[in-house]
Amino acid sequence: MILKDILNIYHKELDNLFGNEEVNSFFNILIEHYLDLKRIHLVLEPEYVITKEEEQPLFEALAQLKLQKPIQYILGETEFYGLPFKVNEHTLIPRPETEELVDWIINNHSERSEESQLEESQLKILDIGTGTGCIAISLAKHLKKAKVSALDVSEDALKIAKQNAKLNEVDVEFIHDNILDSRHAEGVSASHYYDVIVSNPPYVRNLEKAEIQPNVLENEPHLALFVEDENPLQFYKAICEFAQLNLKDNGTLFFEINEYLGKEMIELMTKFNFKDIELKKDMFGKDRMIFGRK
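Since the structure is predicted, the reported quantities are computational estimates derived from the model, not experimental observations.

## Description of the packing of helix α1 (residues 3-18) against helix α2 (residues 20-35)
Now for step 1: Two numbers describe how α1 lies on α2: the axes approach to 9 Å, and their chain directions differ by 135 degrees. Classified by the angle between their axes, α1 and α2 sit oblique to one another. Relative to α2, α1 is oriented so that their crossing is right-handed. Contacts from L3, I6, L7, Y10, H11, L14, D15 and F18 of α1 reach α2 at N20, E22, V23, N24, F26, F27, L30, I31 and L35.

## Structural notes on the pairing of strand β3 (residues 124-128)
Now for step 1: Extensive coverage of β3 is indicated by the burial of four of its five residues.
Now for step 2: For β3 and strand β4 (residues 147-152), the ladder comprises five bridges, and the chain directions are parallel. Bridge pairing links I125 to V148 in β4.
Now for step 3: The parallel pair β3 and β4, bridged by helix α7 (residues 134-142), forms a crossover whose chirality is right-handed.
Now for step 4: The sheet contact formed by β3 and strand β6 (residues 194-199) spans four bridges and is parallel. Across the sheet, I125 pairs through a bridge with V196, a residue of β6.

## A look at a nonpolar patch on the surface
Now for step 1: A cluster of nonpolar side chains, I40, V43 and L44, forms an exposed patch at the surface whose accessible area comes to about 320 Å².
Now for step 2: Mapping I40 onto the fold places it in helix α3 (residues 40-44).

## Considerations on the pattern of salt bridges
Now for step 1: Applying the stated rule across the entire model yields 12 salt bridges.
Now for step 2: In this structure, the salt-bridge partner of K263 is E267, at a minimum N-O distance of 3.1 Å. In this pair, K263 and E267 both sit in helix α12 (residues 262-271), four residues apart, roughly one turn of the helix.
Now for step 3: Taking relative accessible area as the criterion, K263 reaches 59% and is therefore assigned exposed.
Now for step 4: Residue classification places E267 among the partly exposed residues on the basis of a relative accessible area of 43%.
Now for step 5: Measuring nitrogen to oxygen at the nearest pair gives 3.5 Å for the salt bridge that ties R288 to D282.
Now for step 6: Exposure remark for R288: the relative accessible area of 7% places this residue in the buried category.

## Description of the packing of aromatic side chains
Now for step 1: In this structure the tally under the stated criterion is seven aromatic pairs.
Now for step 2: Between Y10 and F27, the ring centres sit 5.0 Å apart and the planes meet at 70 degrees, which makes this aromatic pair edge-to-face. Of this pair, Y10 sits in helix α1 while F27 sits in helix α2; the two residues are 17 residues apart in sequence, bridging distant segments of the chain. Across this residue pair, the class does not change: Y10 and F27 are buried.
Now for step 3: Cluster of aromatic residues (ring-pair linked, three or more members): W104, F254 and F291.

## So, the pairing of β6
Now for step 1: Among the six residues of β6, six are classified as buried, and the element is accordingly described as predominantly covered.
Now for step 2: Sheet topology note: the β6/strand β9 (residues 247-256) ladder contains five bridges and is parallel. Bridging from a neighbouring strand, S199 pairs with F255 of β9.

## Some words on unusual backbone geometry
Now for step 1: Of note in the backbone geometry, E169 takes a positive phi value of approximately 55 degrees without being a glycine.
Now for step 2: Inspection of the secondary structure puts E169 in the loop between α8 (155-167) and β5 (172-176).
Now for step 3: Judged by relative accessible area, E169 falls into the exposed class, the value being 70%.
Now for step 4: Phi at N273 is positive, roughly 65 degrees, even though this residue is not glycine.
Now for step 5: Note on placement: N273 falls in the loop between α12 and β10 (275-281).
Now for step 6: When its relative accessible area of 64% is taken as the criterion, N273 is described as exposed.

Cut-offs used in this document
Residues numbered from 1 in each chain as written. Predicted model: local features only at pLDDT ≥ 70, side-chain atom pairs only at ≥ 80, totals over all residues. Heavy atoms only, no water. Axes fitted to C-alpha atoms, helices over the stretch in contact; angles between N-to-C directions. Helix = DSSP H or I, 4+ residues; strand = E, 2+ residues; numbered from the N terminus. Parallel < 35°, antiparallel > 145°, perpendicular 65-115°, else oblique. Left-handed = near helix turned anticlockwise from the far one by under 90°. Contact = heavy atoms within 4.5 Å. Buried < 20%, exposed > 50% of the residue type's maximum accessible area, 1.4 Å probe, protein only. Pairing = 2+ DSSP bridges. Right-handed = clockwise from strand over helix to strand, strands pointing away. Patch = residues over 30% accessible without salt bridge, like charges linked within 9 Å, V, L, I, M, F, W, Y side chains within 5 Å. Areas by Shrake-Rupley, 256 points an atom, 1.4 Å probe, with all protein chains shown as cover. Salt bridge = Lys/Arg side-chain N within 4 Å of Asp/Glu carboxyl O. Phe/Tyr/Trp six-rings, centres within 6.5 Å; stacked < 30°, edge-to-face > 60°.

Encoded structure:
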């Protein structure tokens, strides 16, 4: 079958759902993944023919896209901070905004290194609610001498995170635990004391579900997304409490946050006596990250 004819089928089946440009993007990603062909190939060889065997994954992907399954789950992989990551239904798909959080931590550490001559080998980092491991692994990759640990309540997510650490050739210690369990401090703090704690915990309130795209709502793990309306900061409060015991003096705490709860997050971190608190907007102008020093 001519490859361009398959692209036309994609547009006919999907344009009403995603729009012309997005469908082109999907198709380009898929032909590169399955056929090792670049977008320019369709321009240079408009009559390019593929075999029945080569067609199959493209039509299977089309069927899943019609059900609004995220393309990252269809491929089983995505990219984050320039690194490859495996993903599945047990993990959230890493977002560009979270790359900004990683970048902030790396830049903050670089500045601190210059000021205090702190060696990376002394730096101990904990990522709470690691999911795919994207934050922890990206930090381990760019702060090569740092000791990075990552915690998650989901054993299925940790399986993927461990695969991603191996894929990116970094050494990360993975911990299976529940940060909401009041006993967690004993197990983790016995052998750990951190310079940096970072977390992108669940923060979407149930009342905000209407704002979530159907492909996210129907596919990504709700455990990693949603919190109850009456207690939206439960994870942040638990992590602040944990940081009182497990973060070194002058250690730093970084969060990705709900864009609507910036003021409440400043109040929470102030209550726990964090200083130098900074609320930061993401690339879309939304209050998405916050920093505090113990």
